[in-house]
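# Structural overview for review
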Amino acid sequence: MNKVIDKNKLVTLIILLVVGITLLTLGIIFFDPIIEGIKENFVSNNNFIEVLKGLLNTIIITIVSFIIGIIVGMIICLIQGLEGDHPLILVLKNIAKFYVSIFRGTPLMVQLLIIYFVIFASFRGDSIYIAIIAFGLNSGAYVSEILRGGILSLPKGQMEAGRSLGLTYPTTMRKIILPQAIRNALPSLGNEFISLIKETSIVGFIGAFDLTLAFRKIANDTFDFEMVYIVMGIVYFVIIYIITVLLNKLERRLLKNVKTK
């Protein structure tokens, strides 16, 4: 096992080394044009401030939407797991099923436009709030399925043991099932968070100022689309790479804690 891990690390280091050497070579060859392009597009007109504002809005939309998605997803997951044939339970389960089907069965762009131009047609506030609602509701549908998969991965005896101890269904879910399900679903939840970051690039269609819109405005002002859009791609890659590394460390730490218990 250690040999496999060492080989993987070695391959990763070789790939990073090749990429680093390639980028360094290109940087040396095109050093002057790159520096000049960065100065003209981001420094001379203080456009980097607009990029920072867009980055801040992107982070805010992503984090708040993900929190909403976690809360909504847990509620939907709990409703879908309700037992019994009471009419109220059946109605709630069908509503939850319909909610998941709608938000997973239509493009996020369509949902964003409908929520902004139809449901909140008379809204006159910052469109970022609408974007957060749209992304949060969309994420909730996916999180509910992620959590449901995490719950299904647990032995059925977990629920039965909790109920045999006299715990109610909500208490059993909250204290026994959900903590384990979230831990098992952590990689998928991390992917959902990363997907949200990338998907925020469409909020400019409703006028919300994010990272993508900031770069688009700079490109339209300077007409240097190649340089601006390449920098935009690099910025997104760096952000997502850092988050991926942090999520992997968190996952390894959780798995290590489970093994030591």
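Treat the numbers as computed from the prediction; the structure is a model and nothing was measured.

Looking only at helices and strands, the protein has 11 helices and zero strands in total. Listing each helix as α and each strand as β along the protein from the N terminus yields α-α-α-α-α-α-α-α-α-α-α. Taken over the C-alpha atoms alone, the protein extends approximately 70 × 60 × 25 Å along its principal axes. Of the contacts formed within the protein by residues at least 6 apart in sequence, a portion of 72% connects residues at least 24 apart. By element, 69% of the accessible surface of the protein is carried by carbon and sulfur atoms, the whole surface being about 16300 Å². Counting 24 positive and 17 negative side-chain charges, the protein places the averaged centre of each group 15 Å from the other.

This part is about the packing of helix 7 (residues 157–164) against helix 8 (residues 169–184). For the pair helix 7 and helix 8, the least separation of the axes is 9 Å and the interaxial angle reads 145°. As helix 7 runs across helix 8, the sense of the crossing is right-handed. Where helix 7 abuts helix 8, its residues Gln 158, Met 159, Gly 162 and Arg 163 lie against Tyr 169, Thr 172, Met 173, Ile 176, Ile 177 and Gln 180. Considered class by class, the residues forming the contact of helix 7 with helix 8 number five nonpolar, four polar and one charged.

Before going further, it helps to examine the nonpolar core. Ranked by internal contacts, the top residues of the largest apolar core, which has 45 residues, are Ile 61, Leu 112, Ala 131, Phe 135, Ile 151, Met 173 and Phe 215. Broken down by element, the residue count for this core peaks at 10 residues, all from helix 6 (residues 127–152). In contact with Phe 135, other than residues within four places in its own chain, are Ile 61, Ser 65, Leu 108, Leu 112, Leu 196, Glu 199, Thr 200, Ile 202 and Val 203. Membership of the second largest hydrophobic core comes to eight residues, among which are Val 72, Ile 79, Ala 96 and Ala 141.

All right, on to the pattern of salt bridges then. The tally for this structure, following the rule as stated, stands at three salt bridges. Among the ionic pairs, Lys 53 bridges to Glu 50, the shortest N-O distance being 3.9 Å. With Lys 53 and Glu 50 both in helix 3 (residues 47–80), this residue pair falls three residues apart, about one helical turn. Salt bridges sharing partners connect three or more residues here, namely Arg 104, Glu 145 and Arg 148.

Here we come to the side chain of Asn 47. Note that Asn 47 resides in helix 3. Apart from the residues within four sequence positions on either side, Asn 47 is in contact with Asn 41, Phe 42 and Ile 218.

Among the secondary structure elements, Thr 212 is positioned in helix 10 (residues 211–222). Of the polar contacts made by the side chain of Thr 212, one reaches the side chain of Tyr 236; its length is 2.6 Å. Ignoring any residue separated from it by four or fewer positions in sequence, one finds Thr 212 in contact with Ser 201, Met 232 and Tyr 236.

What counts, and where the lines are drawn
- Residues numbered from 1 in each chain as written.
- Predicted model: local features only at pLDDT ≥ 70, side-chain atom pairs only at ≥ 80, totals over all residues.
- Heavy atoms only, no water.
- Helix = DSSP H or I, 4+ residues; strand = E, 2+ residues; numbered from the N terminus.
- Contact = heavy atoms within 4.5 Å.
- Areas by Shrake-Rupley, 256 points an atom, 1.4 Å probe, with all protein chains shown as cover.
- Lys, Arg positive; Asp, Glu negative; His and termini not counted.
- Charge placed at Lys NZ, Arg CZ, Asp CG, Glu CD.
- Axes fitted to C-alpha atoms, helices over the stretch in contact; angles between N-to-C directions.
- Left-handed = near helix turned anticlockwise from the far one by under 90°.
- Nonpolar A, V, L, I, M, F, W, Y, C, P; charged D, E, K, R; others polar.
- Core = buried A, V, L, I, M, F, W, Y, C linked by side-chain atoms within 4.5 Å.
- Buried < 20%, exposed > 50% of the residue type's maximum accessible area, 1.4 Å probe, protein only.
- Salt bridge = Lys/Arg side-chain N within 4 Å of Asp/Glu carboxyl O.
- Polar contact = N/O pair within 3.5 Å; in protein donor to acceptor, adjacent residues only side chain to side chain.

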